[in-house]
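One-letter residues, chain by chain:
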Amino acid sequence: SLIRYRDNNLNAARWASPIMELILKLLNDAFFSAIPAVGFAMVFNVPKRFLPYCAIAGALGHSCRTLLLHFNLPIEWATFIAAALVGLVTIGFAKRHLAPPLMYAVAAIIPMIPGTYAFNTVIALVQLTAQPEISAELTSTVISNGLKTVFILGALSVGLAMPSLLYFRARPVI
């Protein structure tokens, strides 16, 4: 009985550690993605009383994307689902406060913009133009990072627009 109890506790500890790591990773991600969401909301002159809602939407969206990436979903699909979640949450905020949903949503999705992929695309493109002959490796880098950037930006825009298009429809979907 005592051995079984000890074994069950060891198994629980083995499972609890990765789960705690994931929870801490998501909380860290939520905190550090809420900061730029609030910063860009301030740049866009969002009223002070709405800034916490921009932070919540930004934290939820980026944490959702991080969670989906943790489960090996491609970044494009994870971004699409996270942007759709931000769209749904901001519609709720907008109804509650009688404000436009984009006031919350635009600042909330900015932390998900693929800056690293765009930067790597431009750097490889500059290196490619500086060389006298075309490099297959640099061309591959430009194409892969460029396409990933375009698809992530498309996922952000379509994912953010889709909840509003479905919610504010004049006619039923079916």
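Scroll up for the structure.
In this report, we go over the structure that sits alongside the text. (Residues numbered from 1 in each chain as written. Predicted model: local features only at pLDDT ≥ 70, side-chain atom pairs only at ≥ 80, totals over all residues. Heavy atoms only, no water.)

Some words on the pattern of salt bridges
- Inspection of the entire model under this criterion finds 1 salt bridge.
- Between Lys148 and Glu76 there is a salt bridge, and its shortest N-O distance comes to 3.5 Å. Separated by 72 residues along the polypeptide, Lys148 in helix H6 (residues 136–167) and Glu76 in helix H3 (residues 75–97) bring together distant segments of the chain. (Salt bridge = Lys/Arg side-chain N within 4 Å of Asp/Glu carboxyl O. Helix = DSSP H or I, 4+ residues; strand = E, 2+ residues; numbered from the N terminus.)

A closer look at H3
- Between its first and last C-alpha, H3 extends 32 Å over 23 residues, near the 33 Å set by a 1.5 Å rise per residue.
- Following H3 by one or two positions, Leu98 adopts a phi angle in the positive range, close to 55°. (Expected span 1.5 Å × (residues − 1).)

A closer look at the packing of H3 against helix H4 (residues 101–109)
- At a minimum axis separation of 8 Å, H3 and H4 run at an interaxial angle of 145°. Where H3 crosses over H4, the handedness of that crossing is right-handed. On H4, the residues touching Val86, Thr90, Ile91, Phe93, Ala94 and His97 of H3 are Pro101, Tyr104, Ala105, Ala108 and Ile109.
- Considering only residue class, the contact of H3 with H4 consists of 9 nonpolar, 2 polar and no charged. (Axes fitted to C-alpha atoms, helices over the stretch in contact; angles between N-to-C directions. Left-handed = near helix turned anticlockwise from the far one by under 90°. Contact = heavy atoms within 4.5 Å. Nonpolar A, V, L, I, M, F, W, Y, C, P; charged D, E, K, R; others polar.)

Focus: the nonpolar core
- If you look at the biggest cluster of nonpolar residues, it comprises 26 residues, and the most contacted ones within it are Val46, Phe50, Val86 and Tyr104.
- Those elements giving two or more residues to this core turn out to be helix H2 (51–70), H3, H4 and H6.
- Tyr104 has contacts with Phe50, Tyr53, Cys54, Thr90, Phe93, Ala94, His97 and Ala99, leaving out every residue within four places of it along the chain. (Core = buried A, V, L, I, M, F, W, Y, C linked by side-chain atoms within 4.5 Å. Buried < 20%, exposed > 50% of the residue type's maximum accessible area, 1.4 Å probe, protein only.)

What to know about the packing of aromatic side chains
- Under the defined criterion, the tally for this structure stands at 7 aromatic pairs.
- Taken together, a centroid distance of 4.9 Å and an interplanar angle of 80° make the contact between Phe31 and Phe32 edge-to-face.
- The exposure class assigned to Phe32 is exposed, which follows from its relative accessible area of 52%.
- Ring centres 6.0 Å apart and planes at 85° place the aromatic pair Trp77 and Phe80 in the edge-to-face group. On the criterion of helical spacing, the pair formed by Trp77 and Phe80 is a turn pair, its members being 3 residues apart in helix H3.
- Aromatic ring contacts, followed pair by pair, group Phe50, Tyr53, Phe93 and Tyr104 into a single cluster. (Phe/Tyr/Trp six-rings, centres within 6.5 Å; stacked < 30°, edge-to-face > 60°.)

Some thoughts on the packing of H3 against H6
- Packing of H3 against H6 brings their axes to within 7 Å, and their N-to-C directions diverge by 30°. For the pair H3 and H6, the crossing hand works out as right-handed. Residues Ile75, Glu76, Thr79, Phe80, Ala83, Ala84, Val86, Gly87, Leu88, Ile91 and Lys95 of H3 form the contact with H6, whose participating residues are Lys148, Phe151, Ile152, Ala155, Leu156, Val158, Gly159, Leu160, Met162, Pro163, Ser164 and Tyr167.
- Tallied by class, the residues present in the contact of H3 with H6 amount to 16 nonpolar, 4 polar and 3 charged.

Remember that the coordinates give geometry; whether it matters functionally is a separate question.
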